[in-house]
Amino acid sequence: CEPENACEYAHCNRETGCYSDPVDCDDYDECTIDTCNPDASGPDEACEYEKVDCDDDDECTTDYCCPVLGCKHEDVECETTSACQTASCDPESGCVYEDVDCEDDDKCYEYECDDDIGCLSYLIDCDDDNACTDDSCDPEVGCVNDERDCTGSSKCFEYDCSPEDGCTKTDV
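An account of the accompanying structure is given in this report.

**Side note on the overall build of the chain**
So, point 1. Broken down by element type, the chain carries zero helices and 14 strands.
So, point 2. Counting helices and strands in the order they occur from the N terminus, the chain gives β-β-β-β-β-β-β-β-β-β-β-β-β-β.
So, point 3. The C-alpha radius of gyration computed for the chain amounts to 42 Å, which surpasses the reference 16 Å derived for 172 residues by more than 25%, pointing to a less compact arrangement than a globule.
So, point 4. Overall, the chain is about 145 × 25 × 25 Å in size when its C-alpha atoms are taken along their principal axes.
So, point 5. Residue burial in the chain is summarised as follows: out of 172 residues, 17% are buried.

Structural data, given as structure tokens:
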């Protein structure tokens, strides 16, 4: 008995005659594509095993093949060591790192980012070193230095303002 091609084993049964069984190329490995080449030189050389491509074209996964389970895709962990950065993953480019924006709309604070702590804010000093102004801060505008009103109600004094001393009055 002769097989029809290399993907068959030929056998002979005394009662029924020639018969064939297919060559079993299953290597029980989910990481290979198992095929039989009918043009091989014989059944023992007919099995071919092509490695499975597990690449899912997603830069946010680590792709590998497990012989029992087949292709696996584990999420990539994009981590940063700075509290001043955020990390995310883009399927086309992989890990993306962006600086944290510590600013908000309150103009009475200065902001910075510390790599260990994260966002910090400091109240700004609106003192203009001029005793003739009332210094304050408006969250929408920032520092406000309004001129002080040094006028008095007595006609016996002359009122003035000195940047060093503030409001003064002298006898008329």
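Picking up where we left off.
**Some details on the side chain of Glu8**
So, point 1. Mapped onto the elements, Glu8 comes out in strand β1 (residues 8-13).
So, point 2. Within the buried core, Glu8 has no salt-bridge partner, and the shortest N-O distance to an opposite charge, that of Arg14, equals 21 Å.
So, point 3. A polar side-chain atom of Glu8 sits 3.4 Å from a polar atom in the side chain of Ser20.
So, point 4. Excluding residues that lie within four positions of it along the chain, Glu8 makes contacts with Pro3, Ser20, Asp21, Pro22, Val23 and Pro43.

**Some details on the state of the cysteines**
So, point 1. Under the defined criterion, the tally for this structure stands at 13 disulfides.
So, point 2. Across a sulfur-sulfur distance of 2.0 Å, Cys54 and Cys71 are joined as a disulfide pair. Residues Cys54 and Cys71 are joined by a disulfide whose S-S torsion is about -80 degrees; by sign, that bridge is left-handed. One end of the pair, Cys54, is in the loop between β4 (47-51) and β5 (61-66); the other, Cys71, is in strand β6 (residues 70-75), and 17 residues separate them in sequence.
So, point 3. A relative accessible area of 31% places Cys71 in the partly exposed class.
So, point 4. Covalently, Cys132 is tied to Cys161 through a disulfide, its sulfur atoms 1.9 Å apart. A torsion of -120 degrees about the S-S bond marks the disulfide between Cys132 and Cys161 as left-handed.

**Quick word on the pairing of β6**
So, point 1. Direction of pairing for β5 relative to β6: antiparallel, over a ladder of six bridges. By the bridge assignment for β6, Cys65 is matched with Cys71.
So, point 2. Where β5 folds back on β6, the antiparallel hairpin that results is connected by three residues.

**Overview of a negative patch on the surface**
So, point 1. On the surface, Asp125, Asp127, Asp128, Asp129, Asp135 and Asp146 cluster together into a negatively charged patch.
So, point 2. Note that Asp129 resides in the loop between β10 (118-123) and β11 (133-138).
So, point 3. The exposure class assigned to Asp129 is exposed, which follows from its relative accessible area of 66%.

**Section: unusual backbone geometry**
So, point 1. Even without glycine at this site, Tyr28 takes up a positive phi of about 55 degrees.
So, point 2. Of note, Tyr28 is situated in the loop between β2 (17-22) and β3 (32-36).

**A closer look at the packing of aromatic side chains**
So, point 1. Across all of its chains, the model carries two aromatic pairs by this definition.
So, point 2. Note on Tyr109 and Tyr111: the rings are 6.4 Å apart at their centroids and 40 degrees apart in plane angle, and the pair reads as tilted.
So, point 3. On the basis of relative accessibility, which here comes to 17%, the residue Tyr111 falls in the buried class.
So, point 4. Sitting over the face of the ring of Phe157, Lys169 holds its NZ or CZ atom 4.5 Å from the ring centroid.

Analysis parameters
- Residues numbered from 1 in each chain as written.
- Predicted model: local features only at pLDDT ≥ 70, side-chain atom pairs only at ≥ 80, totals over all residues.
- Heavy atoms only, no water.
- Helix = DSSP H or I, 4+ residues; strand = E, 2+ residues; numbered from the N terminus.
- Rg over C-alpha atoms; globule rule 2.2 N^0.38 Å.
- Buried < 20%, exposed > 50% of the residue type's maximum accessible area, 1.4 Å probe, protein only.
- Lys, Arg positive; Asp, Glu negative; His and termini not counted.
- Salt bridge = Lys/Arg side-chain N within 4 Å of Asp/Glu carboxyl O.
- Polar contact = N/O pair within 3.5 Å; in protein donor to acceptor, adjacent residues only side chain to side chain.
- Contact = heavy atoms within 4.5 Å.
- Disulfide = S-S within 2.5 Å.
- Pairing = 2+ DSSP bridges.
- Patch = residues over 30% accessible without salt bridge, like charges linked within 9 Å, V, L, I, M, F, W, Y side chains within 5 Å.
- Areas by Shrake-Rupley, 256 points an atom, 1.4 Å probe, with all protein chains shown as cover.
- Charge placed at Lys NZ, Arg CZ, Asp CG, Glu CD.
- Phe/Tyr/Trp six-rings, centres within 6.5 Å; stacked < 30°, edge-to-face > 60°.
- Lys NZ or Arg CZ within 6 Å of the ring centre and 35° of its normal.

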